[in-house]
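Here is how the chains run, residue by residue.
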Amino acid sequence: MSYIIDRRLNGKKKSTVNRQRFLRRYKAHIKKAVGEAMNSRSITDMDKGERISIPTRDINEPVFTHGPGGHVERVLPGNREFIAGDRIPRQGQQGGGGGSGSGASDSGEGMDEFVFQISQEEFLDFMFEGLRLPNMIKRRLAGNESFQVVRAGISNEGTPGRLNVVRSMRAANARRIALTGSKRRSIRELEKELALEESKDPTLRDQRIIDQLNSKIEELHARIGRVPFLDDFDLKYNLLIRQPKPRSRAVMFCLMDVSGSMNQATKDMAKRFFLLLYLFLQRSYEYTEVVFIRHHTSAKEVDEEEFFYSRETGGTIVSSALKLMRRIMRERYPASEWNIYGAQASDGDNWNDDSSTCHKILIDDIMPQVQYYSYVEITPRDHQALWEEYESVRAVFPDHFAMEQIVDVQDIYPVFRQLFSQKVAA
Amino acid sequence: MLDTFTTSEPTERRPISTSSEWTFELIQEYDREISALAEEFGLDTYPNQIEVICSEQMMDAYSSVGMPVGYNHWSFGKQFISVENNYQRGLMGLAYEIVINSNPCIAYLMEENTMTMQALVIAHASYGHNSFFKGNYLFRSWTDASSIIDYLIFAKNYIARCEERHGVDEVEAILDSCHALMNYGVDRYKRPYPISAIEEERRQKEREEYRQRQLNDLWRTIPNLSGAEEEKEQQRFPEEPQENILYFVEKHAPLLENWQRELVRIVRKLAQYFYPQRQTQVMNEGWATFWHYTLLSELYKRGRVTEGFMMEFLQSHTSVIYQPPFDSPYYNGINPYTLGFSIFTDLRRICENPTEEDRQWFPDIAGSNWKETLQFAMRDFKDESFILQFLSPKVMRDMKLFCISDDDRENEIVVNAIHDEDGYRQLRANLAGQYNLGNREPNIQVFSVDTRGDRSMTLHHTQHRRRPLGKDTGEVLRHLHRLWGFDVHLHSLHGDEITASHHCPELGRDRLEGEEESMMVPKPI
């Protein structure tokens, strides 16, 4: 007799743990591959999964085997032309063949690299590993947007699915004890009387009393029996209530200089940086908004498309963007409700007397409100006044203000890592 | 092969099914029919448990050597990732079936397969492999089918507990090292006790104490005052070289913690469980293939399956037993399915229609009852002895086998036997030797341990036809070093002469003097 079992609905992910173990073990390799991928990827697929390849020799599991050499006799199938005694000249290094059982599986793969795919989630995990936004997350009760169901004790009402069996049985037991206690006491007394009566000498025994007692006892038993085992009001239910859940939300301000001095390549670098920051914030917050502000001599809030791709020329007044950011913050993103992040990219050009205005706006209005403000200067040249002013801002807010210089696309990811791992050390 | 079917005149066709879709009712029906036939043919099996799974679950099963439960280790993850990758890129199809040597015998059917394939798998796994597991002497005496699942659960839980207590890394390191030596964790000749989870747990405590006592004895450092002669007698430990390296480590490694010894033991036990499978691949697959072929052909003869069923079946059957010639790009060693199937099929032929040649080669079996003869061949042999006994000249001719001799002292490779009158015997002996695990794996044994000195362990590799050790040797020694805790030396011997030595850690400056006394064999320069 055979048993046929449908197991298709059983868990499919039995190997997940083992897979995680594998990734964990080869973390170093994967991180390296992820770092390389960050530099070579186009912006739009920054957050896709990635093919990782690891040299086979690194993941090899060694066992004792025979090496080449010595005297090997091997039986092979499919002879066509050979007869006994034929001599065949050796062909180079073709020593392996399939003769030895242990070698077969290795040579079967025929690849030098062990290649596999990691998912987007895993990719991002590796990408942002070790980076943190230290102690910067404010949480806020955001109205009726999200709830969490929590247990809140026991209730007398509920759906059958929430029935608490133990509590119900306990209540039923208590009720039965309470309702039958006096009757059982009377039974005990009657039984005592009965025993007394029955222990009397047969001549003195009054059968009538015995019958009477017996019928009384019986009646009491019947009444006890009528007390229901489980009554409606015994039923107890687990009470679940919905609790508003604090939700963290963040807004990210992207500020970019689009003046004539910023070319497409520079903007591209800025975009990569913004994107990394966005992906990073998204992992820490349940809800993230982005505000794009572009500026030359005047600033404007735009959508993403326009932010990155339309060009304008003109001079540069950085403070215009900061002023706009300040206004938007006041109007739409009160710091009491939002985690505010600022990211600014520029090539460092600015009207000279504007830089001090920037300094003032940052120190007085923006920095006290934001969680973090990062400034990247994308230029191979020397710093100008803006950099110096910003350096003094950093001196005032060392934990919340960061600035780095980017020269090349290759720098973006390392600079990004540096900006945020610094915080861990601090 | 088709002629078998065309000659039979089907009396009346009452096929079980005509569509290629399977249902649970149909699987049941096929199983019932096949089971009845198997009984007619005298197959003795464990009860069957047939489980239908999906391809993803098949990949899971693949990467855990088919076991329904297994402890966690990165190497299974690696296996899984590579299976998943190859499957998703279409580089490989999944096996149609996995069958586990347990009681009841568990076989997996994949949901994606057609009815024909399901019937094929049932015949192959649930009756072919199953009866082999129950009948073959190696499985009968070396593994305990009824307790393997329980033991696996015990192992999984134990290892999980160790991970909690000592950390994943610690556990992983030990398991890595054990896996490297897994093939050297089996008793080849001594019959082990059947494994049992309950027994294991009960005795764990007992074992801990006992082991500690033994260890203390062995590694006692206070000098023994009873005299110099005794000292001399004890000089070599172990007295006999030990082939089961993991067992030796478990019992005698000086520094292992008790839980680490238990891990060594678990890996060792599993290695022992798989040992018969490694020794009977040709027979096992050949037997299962022979029976799925025989059983399904019989179903056809009795009109229980359609022509379409038979065509589909034959197509996958022939691809299973296809043997690419040695110079084909697909050649990857001798296909065990082909070899085993050919031998069993020919054995039946020899019994039923013996030729003059057969009478000369197999006087005892030519013309005998084929069912009994096949049962005998299945029960009492392993690959090596099976080939040596039953490989017939006809099979050698059909497979066009030939033997080459590759000696690194010669400039040319010599063909020393082909499938002709002069070559049969040598060919057969050589092929059988190829399946001798002893020849396939280097023969490495624990030779001595310096119990009074630096506690170093010395292994000897006895060369087989001067074959040297492979390139991983140093790596494996590092693993052994991790388990042993002290220096490990490995000498490769040709006769009595050491031709190569490996050391872990790499030999330092001041180690040479201390060593030579304990080793009895001259050191190479």
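Remember, predicted model here, so these are calculated numbers, not experimental data.

**Some points on the overall build of chain B**
A count of helical and extended segments in chain B gives 23 helices and nine strands. For chain B, restricting intrachain contacts to residue pairs at least 6 apart in sequence, the fraction spanning at least 24 positions comes to 74%.

**Side note on the sheet that holds strand β14 (residues 372–378) of chain A**
All names here are of chain A. Taken together, the six strands give an open sheet; going across it, the order is β12-β11-β10-β13-β14-β15, and neighbouring strands pair in mixed fashion. Unpaired on one side and paired on the other, β12 (299–302) and β15 (401–406) mark the two borders of the sheet. Strand-to-strand twist of the sheet, defined as the mean angle between neighbouring strand axes without regard to direction, takes the value 20 degrees. Where β14 meets β15, six bridges bridge the pair, whose relative direction is parallel. What sits directly across from S374, in β15, is A402.

**A closer look at the nonpolar core**
Ranked by size, the top nonpolar core spans 155 residues in total, and within it A107, A123, L246, L263, V267, L295 and L296 of chain B carry the most contacts. When near neighbours in sequence (up to four residues on either side) are disregarded, A107 of chain B contacts N48, I50, E97, V99, V121, A125 and S126 of chain B. If you look at the next biggest cluster of nonpolar residues, it comprises 55 residues, including I317, V370, Y373 and F416 of chain A.

**Observations regarding the domain arrangement of chain A**
Residue and element names in this part refer to chain A. When the domains of chain A are assigned, the result is domain 1 (17–60 + 112–127), domain 2 (160–239) and domain 3 (246–425). Computed over C-alpha atoms, the centres of domain 1 and domain 3 are 30 Å apart. Counting residues at the interface gives seven residues for domain 1, matched by eight residues for domain 3. Looking at the side of domain 1 that touches domain 3 residue by residue, the class counts come to four nonpolar, two polar and one charged.

**Remarks on the interface of chain B and chain A**
Listed as interface residues are 81 residues of chain B and, on the opposing side, 56 residues of chain A. Counting residues per element, the side of chain B that touches chain A draws most heavily on helix α4 (residues 74–88) of chain B, which supplies nine residues. Each residue belonging to the side of chain B that touches chain A can be placed in one class, and the counts come to 33 nonpolar, 28 polar and 20 charged. As defined by bridge partners, strand β4 (residues 87–89) of chain A adjoins strand β5 (residues 412–418) of chain B across three bridges and the pair is classed as antiparallel. Bridging from a neighbouring strand, I88 of chain A pairs with I413 of chain B of β5 of chain B.

**Structural notes on the UniProt feature "domain: SpoVR-like C-terminal" (unreviewed entry) in chain B**
Residues given the UniProt feature "domain: SpoVR-like C-terminal" (unreviewed entry) here are residues 442–493 of chain B. The span residues 442–493 of chain B is 23% helical and 37% strand by assignment, and the distance between its end C-alpha atoms comes to 11 Å.

**Brief notes about the sheet that holds strand β1 (residues 48–53) of chain B**
The sheet built from four strands is open, its strands ordered β1(A)-β1(B)-β3(B)-β2(B) with mixed pairing. This sheet does not close on itself; its edge strands, each paired only once, are β1 (2–6) of chain A together with β2 (97–100) of chain B. If you compare each strand with its neighbour and ignore which way they point, the axes differ by 20 degrees on average. Pairing analysis gives five bridges linking β1 of chain A to β1 of chain B, with the strands arranged parallel. Of the residues in β1 of chain B, the one forming a bridge with Y3 of chain A is Q49 of chain B. Against the sheet, helix α2 (residues 24–40) of chain B touches β1 of chain A together with β1 of chain B, its axis set at about 155 degrees to β1 of chain A. Across the sheet, helix α5 (residues 115–135) of chain B is in contact with β1 of chain A together with β1, β2 and β3 (105–110) of chain B; its angle to β3 of chain B comes to roughly 160 degrees.

**Focus: the domain arrangement of chain B**
Residues and elements named next belong to chain B. Entries for chain B in the domain assignment read domain 1 (15–135), domain 2 (148–217 + 232–278), domain 3 (317–403) and domain 4 (442–519). The partner domain 2 presents ten residues to the nine residues of domain 1 that form the contact. Class assignment of the residues belonging to the side of domain 1 that touches domain 2 gives a composition of five nonpolar, four polar and no charged.

**Some thoughts on the environment of I224 of chain A**
Turning to its location among the elements, I224 of chain A is positioned in helix α7 (residues 207–226). Sequence-distant contacts of I224 of chain A, that is, excluding residues within four places in its chain, are made with T180, K183 and R184 of chain A.

**Some details on unusual backbone geometry**
All names here are of chain B. Cis geometry marks the peptide bond from N103 to P104, where omega comes out at 0 degrees. Tracing the chain through its elements places P104 in the loop between β2 and β3. At the junction of C504 and P505, the peptide bond is cis and its omega measures out at -5 degrees in the coordinates. Turning to its location among the elements, P505 is positioned in the loop between β9 (497–504) and α23 (512–519). Notably, R465 is not glycine yet its phi reads approximately 50 degrees, a positive angle. Tracing the sequence through the fold places R465 in the loop between β7 (457–462) and α22 (473–484). With 13 C-beta atoms packed within 10 Å, R465 lands in the partly exposed category. Phi angles above zero are rare outside glycine, and R466 is one such case at about 60 degrees. Along the chain, R466 falls in the loop between β7 and α22.

**Section: the confidence of the model for chain B**
With 86% of its residues at a pLDDT of 70 or more, chain B shows a mean pLDDT of 84. Scoring the predicted complex yields pTM 0.73 and, for the interface, ipTM 0.80.

**Observations regarding the environment of L196 of chain A**
Residues and elements named next belong to chain A. Structurally, L196 can be placed in helix α6 (residues 165–199). L196 sits in the exposed class, given 11 other C-beta atoms within 10 Å. L196 sits 174 residues away from V370 along the chain, and the two C-alpha atoms are 91 Å apart.

**Comments concerning the packing of helix α8 (residues 168–180) of chain B against α22 of chain B**
Residue and element names in this part refer to chain B. Packing of α8 against α22 leaves a shortest axis separation of 9 Å and a crossing angle of 125 degrees. In this view, α8 runs oblique relative to α22, as classed from their interaxial angle. Considering the relative orientation of α8 and α22, their crossing is left-handed. Across from A173, D176, S177 and A180 in α8, the residues of α22 making contact are V476, H479, R482 and L483. Among the residues making up the contact of α8 with α22, the classes are represented as four nonpolar, two polar and two charged.

**Some points on the packing of helix α11 (residues 245–252) of chain B against helix α12 (residues 258–279) of chain B**
Residues and elements named next belong to chain B. Interaxial distance between α11 and α12 falls to 9 Å at its minimum, and their mutual angle equals 160 degrees. When the axes of α11 and α12 are compared, the pair comes out roughly antiparallel. Relative to α12, the crossing made by α11 is left-handed. Along its contact with α11, which presents L246, Y247, V249 and E250, the element α12 presents R261, V264, R265, V267 and R268. Its residues assigned to classes, the contact of α11 with α12 comprises five nonpolar, no polar and four charged.

Rules behind the numbers
Residue positions are given per chain, counting from 1 as you read along its sequence in written order. Chain letters start at A and ligand numbers start at 1, both assigned in the order the entries are written. Only residues with pLDDT of at least 70 get local features here, since the model is predicted, and only at 80 or more are side-chain atom pairs given and counted; chain-wide, interface and lining totals rely on the full set of residues. Runs of H or I in DSSP of at least four residues are treated as helices and runs of E of at least two as strands, each being numbered from the N terminus. A pair of residues counts as a contact when their C-beta atoms, built from backbone coordinates, are separated by no more than 7 Å. Two strands are said to pair when DSSP picks up at least two bridges between them. Axis geometry follows a simple rule: fit a line to the C-alpha atoms, using only the stretch in contact for helices, then measure angles between N-to-C directions, giving values from 0 to 180 degrees. When buried Ala, Val, Leu, Ile, Met, Phe, Trp, Tyr and Cys residues are joined through C-beta atoms within 7 Å, the set is termed a nonpolar core. Exposure criterion: with C-beta atoms placed from backbone coordinates, a residue whose C-beta has 20 or more other C-beta atoms within 10 Å is buried, one with 12 or fewer is exposed, and one in between is partly exposed. Domain start and stop points were drawn from an automatic or database domain assignment. Throughout this entry, Asp, Glu, Lys and Arg are counted as charged residues, while Ala, Val, Leu, Ile, Met, Phe, Trp, Tyr, Cys and Pro are counted as nonpolar. The remaining residues, Gly among them, count as polar. UniProt positions are given in the numbering used here, feature names are shortened, and annotations may be inferred rather than shown by experiment. The quantity known as pLDDT measures the predictor's confidence residue by residue, on a range of 0 to 100. Working definition: roughly parallel below 35 degrees, roughly antiparallel above 145 degrees, roughly perpendicular at 65 to 115 degrees, and oblique for all remaining angles. In this scheme, a crossing is called left-handed if the near helix is turned counterclockwise away from the far one by less than a right angle; it is called right-handed if the turn is clockwise.

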